[in-house]
Amino acid sequence: MLGRSVPSDATTNAMIEHRRAVADLQKRIKNRRLQVFGLWAAPILAFLAVGAWVSIKVFVWRGRDMPTHLNGALAAVVFFFVAVTILQCALEFSTSSPWEDCRTAVRKLKLDLELAEEERILEARRRTPPAPDRQSSYKERIPGEIARLRKESRHYRRQHLFMQWLLFVCSAAISGVTAWYDPPQPGKGVLIGLSFTVTVITAAAGYFKPRERAFNLQQTADSIEQQATALDLGIAPYNHSDEKANLESFATTVEGLRADQRMREQQLDQPQQGQHQVM
């Protein structure tokens, strides 16, 4: 441990600042896209609302007075979108606008982000710590990776359970509606809807494979956690006296597990025939 070089506070702070600058630009791009979307969407929606109002008057209530509540509702919708349009234009072109990037093109922010990322890469290359330090830092990031894998696994597991329960209920409802209604109307429409739901769920479960994805993610998370526990306890295969060798072996093993996980995800994304060719 005495021979290991420790990155200086200046190096750590510099890398943190570069990461913060990149994250800030990513957030600004996201906000700017929402602002631009609002600037275009609000007047278009106002125009569509006016067109809908006129169309309803012409094609439904031609020669008659529209109901007061319908006129009021359409007028409120048009007024809302017009007010939103005026407010956004005022915020966009005001000299004291609270918008950070008003009158700034998204492509300019993207260019700034690319430059910031390039600067971060160059700075990281210049201040790169020795391999043992990077391996030690990699070990500290593993708990976050395990948590991410398990979170995704729970997501796909819940998705699979929801689809299965919906499939069970719809399948049982088909039999119940068939037995209840004679003649088939109005049960015919219900049966069509239930049969359509069963078909869509079955096809979606076979295509997206949430159960298989959940199993693969959970398996990878458990395997990585097992390797991290073995490293912390100093048991095989990380019971060497040289900590550098243990960290190197740990990083190699975990990267292999993550590569296997990515390969399984690619196999699930391929058609059935393509999966057999890959395997």
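Conventions we followed
Residues numbered from 1 in each chain as written. Predicted model: local features only at pLDDT ≥ 70, side-chain atom pairs only at ≥ 80, totals over all residues. Heavy atoms only, no water. Salt bridge = Lys/Arg side-chain N within 4 Å of Asp/Glu carboxyl O. Helix = DSSP H or I, 4+ residues; strand = E, 2+ residues; numbered from the N terminus. Patch = residues over 30% accessible without salt bridge, like charges linked within 9 Å, V, L, I, M, F, W, Y side chains within 5 Å. Areas by Shrake-Rupley, 256 points an atom, 1.4 Å probe, with all protein chains shown as cover. Lys, Arg positive; Asp, Glu negative; His and termini not counted. Charge placed at Lys NZ, Arg CZ, Asp CG, Glu CD. Buried < 20%, exposed > 50% of the residue type's maximum accessible area, 1.4 Å probe, protein only. pLDDT = per-residue confidence, 0-100. Contact = heavy atoms within 4.5 Å. Polar contact = N/O pair within 3.5 Å; in protein donor to acceptor, adjacent residues only side chain to side chain. Axes fitted to C-alpha atoms, helices over the stretch in contact; angles between N-to-C directions. Parallel < 35°, antiparallel > 145°, perpendicular 65-115°, else oblique. Nonpolar A, V, L, I, M, F, W, Y, C, P; charged D, E, K, R; others polar.

**Q** How should the pattern of salt bridges be read in this particular structure?
**A** Across all of its chains, the model carries 13 salt bridges by this definition. Between Arg 28 and Asp 24 there is a salt bridge, with the nearest N and O atoms lying 3.9 Å from each other. One end of the pair is Arg 28 and the other is Asp 24, both in helix α1 (residues 9-59) and four residues apart, which spans about a single turn. Linking Arg 28 and Glu 100 is a salt bridge whose minimum nitrogen-to-oxygen distance equals 3.6 Å. In this pair, Arg 28 is assigned in helix α1 and Glu 100 in the loop between α2 (68-93) and α3 (106-126), connecting sequence segments 72 residues apart. Among the charged side chains, a network of salt bridges with common partners joins Glu 145, Arg 148, Glu 152, Glu 255 and Arg 258.

**Q** Could you clarify how one ought to interpret a positive patch on the surface in this entry?
**A** Where like charges cluster on the molecular surface, the positive patch consists of Lys 151, Arg 154, Arg 157 and Arg 158. In this fold, Lys 151 is placed in helix α4 (residues 131-180). The exposure class assigned to Lys 151 is exposed, which follows from its relative accessible area of 59%.

**Q** When you look at the confidence of the model for the chain in this model, what are you seeing that I'm missing?
**A** Caution applies to low-pLDDT regions: their predicted coordinates should not be interpreted in detail. In this model, the chain carries a mean pLDDT of 82, and residues with pLDDT of at least 70 account for 85%. Low pLDDT, under 50, characterises residues 1-6; the predicted model gives this stretch nine contacts beyond four residues in sequence or across chains. This stretch, residues 273-279, has a pLDDT under 50; its non-local contacts, to residues over four places away or in other chains, come to eight contacts.

**Q** Could you clarify how one ought to interpret the side chain of Glu 145 in this entry?
**A** Within the secondary structure layout, Glu 145 lies in helix α4. A residue is classified by how much of its surface remains accessible, and Glu 145, at 13% relative accessible area, is buried. Among the polar contacts made by the side chain of Glu 145, one reaches the side chain of Arg 148 at a distance of 2.6 Å.

**Q** Which parts of the structure should I look at to understand the packing of helix α6 (residues 210-233) against helix α7 (residues 243-269)?
**A** When two helices pack together, their arrangement is given by the angle between the helix axes and by the axis-to-axis distance. Contact pair α6 / α7: the axes reach a minimum separation of 10 Å and the direction vectors enclose 180°. Classified by the angle their axes make, α6 and α7 are roughly antiparallel. Touching Glu 212, Arg 213, Asn 216, Leu 217, Gln 219, Thr 220, Ser 223, Ile 224, Gln 227, Ala 228 and Leu 231 of α6 are Asn 246, Leu 247, Phe 250, Thr 253, Val 254, Leu 257, Arg 258, Gln 261, Arg 264, Glu 265, Leu 268 and Asp 269, all from α7. When the residues that make up the contact of α6 with α7 are grouped by side-chain class, the tally is nine nonpolar, eight polar and six charged.

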